[in-house]
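Structural features, examined
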Amino acid sequence: MPGTPHRRRAMTVLTSAQMLYYFGISIDLTLTGLAGLRLAPVPALATLPFALISVGSWAATYPASRFMRSRGRKAGFLVGSGAALAGGIISVTALLTEQFVLFCFGIACIGVYQAFAGYYRYAAADMFPPEERGKAISTVLSGGVIAAVAGPFLATAVKDLGPVEFTGSYALVTVLALISLGVLSTLTAEDTEAGAAAPSGPQAAAEDAAPRTLGQIAKQPVFLAGVAGSCVGYFTMTSLMAAAPIAAVRAGHSVHDGAQVIQWHMVGMYATAFASGPLTRSIGAGRTLLIGAAVSALGAATALTGLSHTHFMIALGLIGVGWNLMYVSGSALVANSYRPRERSVVQGIGEVFTLGGSAVGALAAGPVLDALGWESMNAALLVPLAVSAVVTVAHLCAARPRAAAQRTDP
């Protein structure tokens, strides 16, 4: 991306940190259900550790924003990687001692890591003017492409290296966290706190004004569309990601087939980052969000047409693509809804809703799948996707008069 040398260096560091985060989280997403099944006192609790990634992230995201507001983003990012380091060590210890509760605590620490890592994209976005923010976000998220492809294979390749199954994998999480601490330690306050080029004219006057109330911010169509898009995108993705392997096995497919479905899902999630930023810049974040909702709906509709391995692969791949488009464009809309003085509060609230959608999706996936079945579950998800689309259309309609007025200003 264009920019000053310090911006380019900061983007390299943030993208590298994102890659390390996705490597670590992909290990947890791939193996935590199996490790939970090994340790859980009853099979019904096997998915609890997996759900705690999302729950821990949701619980920590607003405190993370408040912490970084007072201590700075670099300090927050280091705390997040420190939580991953602790989570890896605790998880290994829990596996060695066969303690399910301790394992749950270790995995919840990974959720805290996720909460802080979620702000990498905002750190990147805040370095650029509004029209460049979608591209900045997608550039950072592109660090997940390698992790999406290699992470699940790496997780299974090292799972038997320790004295107990899976300890090698969670030891690797610890090593990746250590590397992340080293990478993030190279950031400076200028890297993480500097904004885009100084505005002028009416925009500068608006940014110098006192912060608005939360009610005033929340009433903005741009904020509502961004939060709804990110939240619904995450809810849809997490629900189907958690349910798909179970549904595939119940449909007669092997465990390997179920894992392959998730691998292609993750490729769709992160490979799309190469396209979502340029698309957001060329047609706008709102229209990109609508495309993401449509692609996600197409994925859910594909799941309704059959239970073959191909159906699962295409459905989850499309859901991954749709999530990326909704997440990148929704984040860009949120980033365009606040003034500099409002940044930490608005980002924190946005993340509470976004990760709240993820947490609800993860917790509800199993019960909803059991109650409705795979096909009906996908049909039900078309409703929140439609709601997100309606809110986005309202934002586009509200933005059109302002854009026309700006074009006529001398």
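Attention in this report is confined to the structure presented alongside it. (Residues numbered from 1 in each chain as written. Predicted model: local features only at pLDDT ≥ 70, side-chain atom pairs only at ≥ 80, totals over all residues. Heavy atoms only, no water.)

1. A short note on the nonpolar core
The biggest cluster of nonpolar side chains holds 105 residues, and the ones touching the most others in it are L14, F77, Y120, Y170 and W374. Residues within four places of L14 in sequence aside, it is in contact with F77, Y120, A123, A124, M127, V140 and L187. (Core = buried A, V, L, I, M, F, W, Y, C linked by side-chain atoms within 4.5 Å. Buried < 20%, exposed > 50% of the residue type's maximum accessible area, 1.4 Å probe, protein only. Contact = heavy atoms within 4.5 Å.)

2. Considering the packing of aromatic side chains
Applying the stated rule across the entire model yields 10 aromatic pairs. Seen from their ring centres, W323 and Y327 are 4.8 Å apart, and the 20° between their planes marks the pair as stacked. Placement of the pair is W323 and Y327 together in helix α16 (residues 309–335), with a separation of four residues, close to one helical turn. Both residues of the pair, W323 and Y327, count as buried. Pairwise contacts between aromatic rings join Y21, Y22 and Y113 into one cluster. (Phe/Tyr/Trp six-rings, centres within 6.5 Å; stacked < 30°, edge-to-face > 60°. Helix = DSSP H or I, 4+ residues; strand = E, 2+ residues; numbered from the N terminus.)

3. Remarks on the packing of helix α3 (residues 73–97) against helix α4 (residues 100–117)
Two numbers describe how α3 lies on α4: the axes approach to 7 Å, and their chain directions differ by 160°. When the axes of α3 and α4 are compared, the pair comes out roughly antiparallel. For the pair α3 and α4, the crossing hand works out as left-handed. Considering only residue class, the contact of α3 with α4 consists of 16 nonpolar, eight polar and no charged. (Axes fitted to C-alpha atoms, helices over the stretch in contact; angles between N-to-C directions. Parallel < 35°, antiparallel > 145°, perpendicular 65-115°, else oblique. Left-handed = near helix turned anticlockwise from the far one by under 90°. Nonpolar A, V, L, I, M, F, W, Y, C, P; charged D, E, K, R; others polar.)

4. What about the environment of M377?
Topologically, M377 is positioned in helix α18 (residues 374–408). Residue M377 is classed as buried on the basis of its relative accessible area of 4%. Measuring from C-alpha to C-alpha, the distance between M377 and S239 comes to 9.1 Å, with 138 residues separating the pair along the chain. Setting aside its immediate chain neighbours within four residues, M377 contacts S239, L240, A243, A365, V368, L369 and L372.

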